[in-house]
Amino acid sequence: MTLRIYHLKTCDTCRKAIKELKDSQAELELTDVRADGVAEETLHTWIKTIGYEKILNTRSTTWRALDDSAKSEMDDDKALALLSKHPTLIKRPVITDGETITVGWKDDAKETWLN
């Protein structure tokens, strides 16, 4: 099974996830959200599947730098536009096998991908 990991190369959590997955012999395809970007269609699928609330990183420096009007009255379309324009707003890592999607590298994601 090949896992696609959407990450930032400077993110410690992403580096930890990638290392643990490699150590478990998983086959990985890496996409750096800043350098490579994320297709709008992919973002749309994530939003429809798991909701923008799980994907939109409201604790990031990028989020804090946004104008208040950009952060207010959030909905799927507004989140999609923000995530497309500012891919560093994506919580990371996003890991998918084409069917299952996890966000972050906590116990639930580890249980999904390391077993």
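Parameters and conventions
Residue numbers here run from 1 along each chain, matching the order of that chain's written sequence. Whole-chain, interface and lining totals are the exception, using all residues; otherwise, since this is a predicted model, local features are given only for residues with pLDDT of at least 70 and side-chain atom pairs are given and counted only at 80 or more. The basis for the side-chain values is all heavy atoms of the structure; hydrogens and waters are excluded. Interaxial angle, 0 to 180 degrees, is taken between N-to-C directions of lines fitted to C-alpha atoms, where a helix line uses only the stretch in contact. Each helix is a run of H or I in the DSSP string that is no shorter than four residues. Each strand is a run of E no shorter than two, and both are numbered from the N terminus. Put simply, angles under 35 degrees are roughly parallel, angles over 145 are roughly antiparallel, angles from 65 to 115 are roughly perpendicular, and the rest are oblique. Should the near helix be turned counterclockwise from the far one by less than a right angle, the crossing is left-handed, whereas a clockwise turn marks it as right-handed. Any two residues whose heavy atoms approach within 4.5 Å are treated as being in contact. Lys, Arg, Asp and Glu make up the charged group, whereas Ala, Val, Leu, Ile, Met, Phe, Trp, Tyr, Cys and Pro make up the nonpolar group; the residues left over, Gly among them, are polar. Think of it in three bands: with a 1.4 Å probe and only protein chains considered, a residue is buried below 20% of the maximum accessible area for its type, exposed above 50%, and partly exposed in between. Each direction from the helix axis to a C-beta atom contributes to the arc, which is the arc of those directions. A cavity here means a set of 1 Å grid points, computed over protein atoms only, where a 1.4 Å probe fits but cannot escape. A pocket is an open set with protein on both sides within 12 Å along at least 5 of 7 lines, and lining residues have an atom within 4 Å of a point. Grid points are joined across faces, edges and corners, and a volume is the space filled by probe spheres set on the points.

Help me understand the packing of helix α1 (residues 12-23) against helix α7 (residues 107-114) in this model?
When two helices pack together, their arrangement is captured by the angle between the axes and the distance separating the axes. The contact between α1 and α7 brings their axes to 11 Å, and the two run at 25°. Of the possible angle classes, the one that applies to α1 and α7 is roughly parallel. Remark: the crossing between α1 and α7 carries right-handed chirality. On α7, the residues touching K16, E20 and L21 of α1 are K110, W113 and L114. Grouping the amino acids of the contact of α1 with α7 by side-chain chemistry returns three nonpolar, no polar and three charged.

Can you help me understand helix α6 (residues 76-85) in this one?
Residues spaced three or four apart along an α-helix face the same direction, because each turn holds 3.6 residues. For α6, the complete set of buried residues consists of A79, L80, L82 and L83. Angularly, the buried residues of α6 cover 165° about the axis, an arc narrow enough to put them on a single face. Set apart from the buried face of α6 by more than 90 degrees, the exposed residues are D77 and K85. Elements in contact with the buried residues of α6: α2 (40-50), α3 (52-55), α4 (61-65) and α5 (68-71).

What exactly am I supposed to notice about the environment of L80 here?
Relative to the helices and strands, L80 resides in helix α6. Using a relative accessible area of 12% as the deciding quantity, one classes L80 as buried. In sequence terms L80 and V94 are 14 residues apart; their C-alpha atoms lie 15 Å from each other.

Which parts of the structure should I look at to understand the layout of surface pockets?
By rolling a water-sized probe across the atoms, one finds the places where empty space is left. The space that makes up the largest pocket amounts to roughly 560 Å³. In terms of lining residues, the largest pocket is bounded by 17 residues, among which K91, R92, G104, W105 and K106 are the most central. Where the lining of the largest pocket is concerned, the elements lending two or more residues are α1 and β4 (101-103). Taken together, the residues of the lining of the largest pocket sort by class into five nonpolar, five polar and seven charged.

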